[in-house]
Amino acid sequence: MKCIYYLTSTLKSTQDVSDDLHEVGVEDFYLHVISKDECGLKKQQIHSSNYLETLDIVRDGFIGAALGFVAGLIGIWLLMYFKPLGPDFEIPTLVYAILVGAATLFGAWEGGLTGIATENKKLARFHDDIAAGKYLILVYVGKHQEATVRKMMEERHADAEMVGIDSHFINPFTSVERVTAPRA
């Protein structure tokens, strides 16, 4: 499944694109609009984006979990090396596993909190457009639907600019390149 990014400049154009995408079989679940005009989207009943698309919760959560895992491994290595409970006391392996698990979960939690305060890295290239009042439309399409959607958009919505394609939006570590330069 791919994610195709389109930019439109007006709410009316976004509504028309949404209606036409519904006509060719794209359901609301696969269509999200990112805009600073959330009220306008709600009034027009246009499916807006969610926090997983606009914030970096998942990406930063994974990074935090990895850092927590490494910190947990370092912690158990220090316990094994210094033996704070005495040289003859053996700490059970389950305790080490629990320590690493707790450190990993704590890192994921901290990373998620950081991600809540951070814009999604995939949307950073479109930040200025969204801030200028444009509407970024994310259309998730399968291989069988991609050609139909792209053809319909070219024929009916010349004002909607295709600005990016992502192999899949779910992978938080891929980046999206702009297909074209922003229009003035």
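On a predicted model such as this, the values are computed, not experimentally measured, just so you know.

Procedures and definitions
- Residues numbered from 1 in each chain as written.
- Predicted model: local features only at pLDDT ≥ 70, side-chain atom pairs only at ≥ 80, totals over all residues.
- Heavy atoms only, no water.
- Helix = DSSP H or I, 4+ residues; strand = E, 2+ residues; numbered from the N terminus.
- Buried < 20%, exposed > 50% of the residue type's maximum accessible area, 1.4 Å probe, protein only.
- Contact = heavy atoms within 4.5 Å.
- Pairing = 2+ DSSP bridges.
- Phe/Tyr/Trp six-rings, centres within 6.5 Å; stacked < 30°, edge-to-face > 60°.
- Axes fitted to C-alpha atoms, helices over the stretch in contact; angles between N-to-C directions.
- Parallel < 35°, antiparallel > 145°, perpendicular 65-115°, else oblique.
- Left-handed = near helix turned anticlockwise from the far one by under 90°.

Before going further, it helps to examine the side chain of D20. Mapped onto the secondary structure, D20 falls in helix α1 (residues 11–23). Relative accessible area serves as the criterion here: at 12%, D20 is assigned to the buried category. Among all residues touching D20, those that are not within four sequence positions of it are M152, R156 and H157.

What follows covers unusual backbone geometry. Glycine aside, negative phi is the norm for most residues, and most peptide bonds take the trans geometry. Phi is positive for Q45, which is not a glycine, with a value near 55 degrees. Topologically, Q45 is positioned in the loop between α2 (38–43) and α3 (51–54). Among the residues examined, Q45 registers a relative accessible area of 70% and is labelled exposed. Here K83, not a glycine, exhibits a phi torsion of approximately 45 degrees, which is positive. Tracing the backbone through its elements, the reader meets K83 in the loop between α4 (57–82) and α5 (93–116).

Most of strand β1 (residues 2–8) sits inside the fold, with six of its seven residues counted as buried. Where β1 meets strand β3 (residues 135–141), seven bridges bridge the pair, whose relative direction is antiparallel. Bridge pairing links Y5 to L138 in β3. Bridging between β1 and strand β4 (residues 161–166) involves five bridges; their strand directions are antiparallel. Within β4, the position partnered with Y6 by the bridge is M162.

What the rule picks out here adds up to six aromatic pairs. Look at Y5 and F126: their rings are 5.3 Å apart centre to centre, the planes differ by 20 degrees, and that puts the pair in the stacked class. One end of the pair, Y5, is in strand β1; the other, F126, is in the loop between α5 and α6 (127–131), with 121 residues separating them in the sequence. With respect to burial, Y5 and F126 carry one shared label: buried. With centroids separated by 6.4 Å and ring planes inclined at 50 degrees, the aromatic side chains of F62 and F173 adopt a geometry described as tilted. Here the residue F62 occupies a position in helix α4, and F173 occupies one in the segment after β4, the gap between them amounting to 111 residues. The class for F62 is partly exposed, based on a relative accessible area of 49%. Members of the aromatic cluster, connected to one another through ring pairs, are W77, Y81 and F82.

Looking now at the packing of α1 against helix α7 (residues 143–156). The interhelical angle for the contact between α1 and α7, taken along N-to-C directions, is 140 degrees, at an axis separation of 11 Å. In terms of axis orientation, α1 runs oblique to α7. Read as a crossing pair, α1 and α7 show a hand that is right-handed. Here V17, D20, L21 and E23 of α1 lie close against α7, whose contacting residues are V149, M152, M153 and R156.

It is worth spelling out the sheet that holds β4 at this point. If you walk across this open sheet you meet the four strands as β2-β3-β1-β4, and the pairing is antiparallel. The open sheet terminates on both sides in strands that have one partner only, identified here as β2 (31–34) and β4. The average undirected angle you get between the axes of adjacent strands in this sheet is 20 degrees. Sheet contacts for α1: β1, β2 and β3; angle to β3, the most-contacted strand, approximately 10 degrees. Packing of α7 onto the sheet brings it into contact with β1, β3 and β4, and relative to β1 it is tilted by some 15 degrees.

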